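# Close look at the chain arrangement
So you can see what is in the structure, the chains are spelled out below.
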Amino acid sequence: MKKNIKIGLCGLGTVGAGVATLLQKNAQIIQTRTGLDINIVQAATIDPYDHLDVDFSNIKVTDSVDDILNNPEIDVMVELIGGTGIAKKIVLDAFDKGKSVVTANKALLAKHSQEIFSAAYGSKGLFGYEASVGGGIPIIRNIREGFSGDKIDGFSGIINGTGNYILSAMTNERTDFKTALKQAQDKGYAEADPTFDIEGIDTAHKVIILMELAFNALFDFDQLYIEGITGIEPIDIDLADELGYRIKLLGKALNTERGFEGRVHPALVKKDSMLASVQGAFNAISVFGNFVGHTMSYGAGAGSFPTASAVVADIIEIGRVLSIDGANSVQPLGVPFERLKKMEIIPVEEIETEYYLRFNIKNNNQLPPEIENILSKNHVNIQQELKSNQTDAENSTSFVLITQTAKEKDVRESLKIINSLPFMASPIKLIRVDP
Ligand code: HSE
């Protein structure tokens, strides 16, 4: 029976440092709980590491990941470098050598799911990727194991801590976008390239992973509709507030009669909903199963220690299986690989939801009646209307209409016509409403 689990850690950045710290600080509790001694024996980094609160006396540090890949004593490769370059090589090579792999790399899993999961299923090594979605929230296990008897109809959630931090700061403290982003970066929440956070790409990576787990299929990342939060202006936050909503960056997927929906975009959520109360870098994911109903998982969605918690949970699970010389009874995506068919995501034009439409009208105290006429002709009906009491420097005024549920293609068709009318001061702002 194997009792010593030897870890090779690739990357000593925000998450890697958290993993090294956790494994040393909680070594005793992990030993007591599992009977396992789990130690990092080798770490690869090109960054300085001597400032970390980690005892390196028993860890060989190298600047080459090949040293770790070629070290036969290592049981588990922990890939925390990120991105789809060297990280991909590490993961594939490790599986090829029969080592187990733990990663937090959502971009790699989303963009190369077929290749990575095919290697994982084909390897005698085990695979953990809990930290790739939701930081410290065990959402992968919830879906794969907790709801394994349910048909999953969909999920919707806030799964980017940086985006939620920025929107919360803009809403609660009136912080401007740039300052809020800088704060999120300083706290270690943002990606190396923060455009991934603010343009919705990081959320989209996580949506693909959750869709594959929830719907037992493989999806093409490029078919997802992705819209970030850079277009959200303070006036939209204010008007949404007056109408009873908060603006959140949502990742959402549904298994509908029309096909699979998958999308990332800012959305208005009712102020009294659970998602509206999620603040700062916290994440919350609601999963809907046909027997369990609606569930909500909540916790720290980014940051060193919460993400390290998820990485270490995967290491421990692998350690437990290795310690009994067993095979993991749970397949990486919860189904045999040959059952994972490639499925299509329907175009966003096919979805139906409610819409917040903001019209910026030149020199007019009233919303011109043409607007509602054009919308109505295109089967888009209105449920709420609001006039802003602010007038901008060009003397134009914003009006908001909240539609009833409508087809996105009908809404887009109407907006194309309305945008060309002479009284429009700027293009219409469209934000979907999450009913
Ligand atoms: N940049 C990511 C976020 C890190 O802000 O959610 C966690 O995946």
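Our subject is the structure that appears above.
Read on for a plain summary of the structure. (Residues numbered from 1 in each chain as written. Predicted model: local features only at pLDDT ≥ 70, side-chain atom pairs only at ≥ 80, totals over all residues. Heavy atoms only, no water.)

Residues of helix 4 (residues 86-96) that are buried include every one of Ala-87, Lys-88, Ile-90, Val-91, Ala-94 and Phe-95, and no others. Projected down its long axis, helix 4 carries its buried residues within an arc of 165°, all on one side. (Buried < 20%, exposed > 50% of the residue type's maximum accessible area, 1.4 Å probe, protein only. Helix = DSSP H or I, 4+ residues; strand = E, 2+ residues; numbered from the N terminus. Arc of directions from axis to C-beta.)

Here we take up the environment of Met-211. Its location among the elements puts Met-211 in helix 11 (residues 201-215). Relative accessible area serves as the criterion here: at 0%, Met-211 is assigned to the buried category. Distance in space between the C-alpha atoms of Met-211 and Asp-37 is 35 Å, their sequence separation being 174 residues. Contact partners of Met-211, with chain neighbours within four places excluded, come to Phe-155, Asn-216, Phe-219, Leu-224, Ala-253, Phe-260, Glu-261, Gly-262 and Ile-345. (Contact = heavy atoms within 4.5 Å.)

Quick look at the pattern of salt bridges now. As enumerated under the stated definition, the model contains 32 salt bridges in all. Of the charged contacts, one joins Asp-238 and Arg-174 as a salt bridge, the two residues approaching to 2.3 Å between their closest N and O atoms. On the criterion of sequence distance, the pair formed by Asp-238 in helix 12 (residues 234-243) and Arg-174 in the loop between helix 8 (161-172) and helix 9 (177-186) is long-range, its members being 64 residues apart. A salt bridge links Arg-258 to Glu-261, with the nearest nitrogen and oxygen atoms 2.8 Å apart. What makes Arg-258 partly exposed here is its relative accessible area of 38%. The exposure class of Glu-261 is buried, given its relative accessible area of 1%. (Salt bridge = Lys/Arg side-chain N within 4 Å of Asp/Glu carboxyl O.)

Moving on, we get to the pairing of strand 17 (residues 396-403). Here strand 17 lies mainly inside the structure; eight of its eight residues are buried. Alternating positions in strand 17 separate into two faces, Ser-396, Ser-398, Val-400 and Ile-402 on one and Thr-397, Phe-399, Leu-401 and Thr-403 on the other, with burial throughout. Here seven bridges tie strand 15 (residues 352-362) to strand 17, and the two strands are oriented antiparallel to one another. Bridged to Arg-358 within strand 17 is Val-400. Where strand 16 (residues 382-391) meets strand 17, six bridges bridge the pair, whose relative direction is antiparallel. What sits directly across from Thr-391, in strand 17, is Thr-397. Counted along the chain from strand 16 to the antiparallel partner strand 17, the turn is four residues long, and its residue Asn-395 has a positive phi close to 65°. (Pairing = 2+ DSSP bridges.)

A few words now on the pairing of strand 2 (residues 37-44). Buried residues dominate strand 2, accounting for six of its eight residues. The pairing of strand 1 (residues 4-10) with strand 2 spans seven bridges and is classified as parallel. Pairing of Ile-5 across the sheet is with Ile-38, part of strand 2. Pairing of strand 2 with strand 3 (residues 60-62), which is carried by three bridges, proceeds in the parallel orientation. Paired with Gln-42 across the strands is Lys-60, a residue of strand 3.

This part covers the site of the ligand. By nearness alone, every residue bordering the ligand is listed as Lys-106, Asn-160, Gly-161, Thr-162, Tyr-189, Ala-190, Glu-191, Asp-197, Asp-202, Lys-206, Gly-301 and Ala-302. Here an oxygen atom of the ligand and a backbone polar atom of Gly-161 are 2.7 Å apart. Here the ligand has 260 Å² of accessible area as a free molecule, and 93% of this is covered by the chains. Counting residues per element, the ones that place at least two in the shell around the ligand are helix 8 and helix 11. (Near = heavy atom within 4 Å. Polar contact = N/O pair within 3.5 Å; in protein donor to acceptor, adjacent residues only side chain to side chain. Areas by Shrake-Rupley, 256 points an atom, 1.4 Å probe, with all protein chains shown as cover.)

Further remarks concern the sheet that holds strand 2. Taken together, the six strands give an open sheet; going across it, the order is 3-2-1-4-5-6, and neighbouring strands pair in parallel fashion. The strands lining the two open edges of the sheet, one partner per strand, are strand 3 and strand 6 (127-128). The sheet contact formed by strand 5 (residues 100-103) and strand 6 spans two bridges and is parallel. Directly across from Val-102, in strand 6, lies its bridge partner Gly-128.

By the element assignment, Lys-252 lies in strand 10 (residues 245-256). A distance of 2.7 Å separates polar atoms of two side chains, one belonging to Lys-252 and the other to Asp-434. Apart from residues no more than four positions distant in its own chain, Lys-252 is found in contact with Phe-155, Ser-156, Val-207, Glu-261, Gly-262, Arg-263 and Asp-434.

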